[in-house]
Amino acid sequence: MRAIWKGAVSFGLVSIGVKVYSATEEKDIRFHQVHREDGGRIRYKRTCSVCGEEVTYDDIAKGYDIGGGEMVILTDEDFADLPLSTSHAIDVLEFVPAEQVDPILYNKAYFLEPEGSATKPYVLLRDALSDSERVAIVKVALRQREQLATLRVREGVLLLNTMLWPDEIRQPDFGFLDEDLKVRPPELAMASSLIDSMAGEFEPDAFTDDYRAALQEVIDAKVEGREVVQPEEEEAAPAAAVDLMAALKASVERARAARGEAPSGGGAEPTPISSARSAKKTAAKKAPAKKTAAKKAEPAKKTAAKKTAAKKAPAKKTAAKKKTA
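What comes next is a walk through the structure. Within each chain, residues carry numbers counting from 1 in the order of the written sequence. In view of the model being predicted, local features appear only for residues whose pLDDT reaches at least 70, and side-chain atom pairs are presented and counted only at 80 or more, with totals across whole chains, interfaces and linings using the full set of residues. Just so you know, side-chain values use all the structure's heavy atoms and leave hydrogens and water out.

Glancing now at the overall build of the chain. Every helix listed is a DSSP run of H or I at least four residues long, and every strand listed is a run of E at least two residues long, numbered separately from the N terminus. Within the chain, the regular secondary structure consists of 6 helices and 9 strands. Each of the 325 residues in the chain was classed as buried or not, and the buried ones make up 18%. Residue contacts are counted whenever heavy atoms from the two residues lie within 4.5 Å of one another. At a minimum sequence separation of 6, the contacts of the chain that also span at least 24 residues come to 59%. Here the accessible surface of atoms and residues is derived via Shrake-Rupley with a 1.4 Å probe, and residues count as covered only by protein chains that are part of the display. When the accessible area of the chain is evaluated, it comes to approximately 26,500 Å², of which 55% is carbon and sulfur surface. A 1.4 Å probe rolled over the protein chains alone gives each residue an accessible area, and that area as a share of the maximum for its type sets the label: buried under 20%, exposed over 50%, partly exposed in between.

All right, on to the side chain of threonine 150 then. You can see threonine 150 is positioned in strand S8 (residues 145-154). Excluding residues within four positions of it along the chain, threonine 150 makes contact with Val101, Tyr106, Ala136, Ile137, Val138, Leu159, Leu160, Asn161 and Met163.

What follows covers the packing of aromatic side chains. Pairing of aromatic rings covers Phe, Tyr and the six-membered ring of Trp, with a centre-to-centre limit of 6.5 Å; geometry is then stacked below 30 degrees between planes, edge-to-face above 60, and tilted otherwise. In this structure the tally under the stated criterion is 3 aromatic pairs. Look at phenylalanine 11 and phenylalanine 95: their rings are 6.3 Å apart centre to centre, the planes differ by 85 degrees, and that puts the pair in the edge-to-face class. Of this pair, phenylalanine 11 sits in strand S1 (residues 5-11) while phenylalanine 95 sits in strand S5 (residues 89-97); the two residues are 84 residues apart in sequence, bridging distant segments of the chain. Between arginine 46 and the ring centre of tyrosine 57, over which it is positioned, the NZ or CZ distance is 4.0 Å. Consider the ring centre and the ring normal. A charge sits over the ring if Lys NZ or Arg CZ is within 6 Å of that centre and within 35 degrees of that normal. Sitting over the face of the ring of phenylalanine 79, lysine 62 holds its NZ or CZ atom 5.5 Å from the ring centroid.

Here the focus is the pattern of salt bridges. If the charged atoms of two oppositely charged side chains come close together, the side chains can form a pair. Salt bridge, as used here: a side-chain nitrogen of Lys or Arg that lies within 4 Å of a carboxyl oxygen of Asp or Glu. Going through the model one piece at a time under the given rule, you end up with 10 salt bridges. Note that lysine 182 is salt-bridged to aspartate 180, the shortest N-O span being 3.5 Å. For aspartate 180, a relative accessible area of 64% translates into the label exposed. Of the charged contacts, one joins arginine 212 and aspartate 209 as a salt bridge, the two residues approaching to 3.5 Å between their closest N and O atoms.

Another aspect to go through is the environment of arginine 134. Here arginine 134 shows up in strand S7 (residues 134-142). Given the relative accessible area of 36%, arginine 134 is considered partly exposed. When near neighbours in sequence (up to four residues on either side) are disregarded, arginine 134 contacts Phe95, Val96, Pro97, Ala98 and Leu129. Within the structure, arginine 134 has its side chain in polar contact with the backbone oxygen of phenylalanine 95 (distance 3.3 Å). Under the rule applied, a polar contact is a pair of N or O atoms within 3.5 Å (in protein, one hydrogen donor and one hydrogen acceptor; residues adjacent in sequence only if both atoms are side-chain atoms).

Before going further, it helps to examine the pairing of strand S4 (residues 70-74). Bridging between strand S3 (residues 62-67) and S4 involves 5 bridges; their strand directions are antiparallel. Counted as the bridge partner of lysine 62 is leucine 74 from S4. Linking S3 back to S4 in an antiparallel pair, the connection comprises 2 residues, with glycine 68 at a positive phi of about 70 degrees. Here, any two strands with at least 2 DSSP bridges between them count as paired.

Residues grouped as a nonpolar core are buried Ala, Val, Leu, Ile, Met, Phe, Trp, Tyr and Cys residues, joined through side-chain atoms within 4.5 Å. In this structure, Val9, Ile90, Leu112, Val138, Leu151 and Leu160 are the most contacted members of the largest nonpolar core, which totals 21 residues. At 4 residues, S7 tops the list of elements feeding residues into this core. Core analysis: the second largest hydrophobic core is formed by 8 residues, Val96, Val101, Leu105 and Val135 among them.

By themselves, these are just geometric observations and shouldn't be taken as functional.
See below:
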């Protein structure tokens, strides 16, 4: 890893020299825009919309649109006078319980490595943070911007998490929040049962980016000139159920089956879905019996008809003999 920033963690009279490294990296597959015909890279020129001339980076400034077609132009000198904290200091403001920091505030994560002779005070701060079960709230200037951040311990290393400012968090404004919706106790109990049946320990390594893997397979196949293997289609999600209780019960049974657990007991009340399946199976078993009965009935009728015909035949013959006599 390459350090992206050097500075010092400062709290009280203690100063700890550190190097800052990005703790995460995106694994997205990136593409270039190219000409479809010959694969040539697409280039963009920086041109001025007023004079039409191509502009170099040295001639580019920052502009703030104030509306009405007017623009305020800011130069490097304007930014130099802003009250930005020391560019190479991580100032500890206070130590707070970790659970008081809402995860929605977290932005990006960085590892801190002690620099030079700062290893001992670094370890001292790390161990003190672990024992206190608190995180440090700090301010730091990264990428020309002052940011709020937390300092905590992860796998024996100090981790700096930059945070969003409170006014950067949007407030949810949805109509259903004002509706007086009532949840029935049986529905809540069944939903809790579903949660319990799907409970487990979070293991991040158990999850993979299937889309990225499939896309990489397509790219590899293109490179090697072989046929692309079509990934298996996932089972379609069931349509929204009208009966919420039936859907919840069926979901519980499905979760138990996925875990290899037995269904919800012999004495348990069958769900509408399981009852419907049982009815179909019963009907299917009874159907062949009707066909068999029908088959048996047909030969019986034929046999009876033959016997009746046989009895009538001699009578006719006897009548014929009497006439002859």
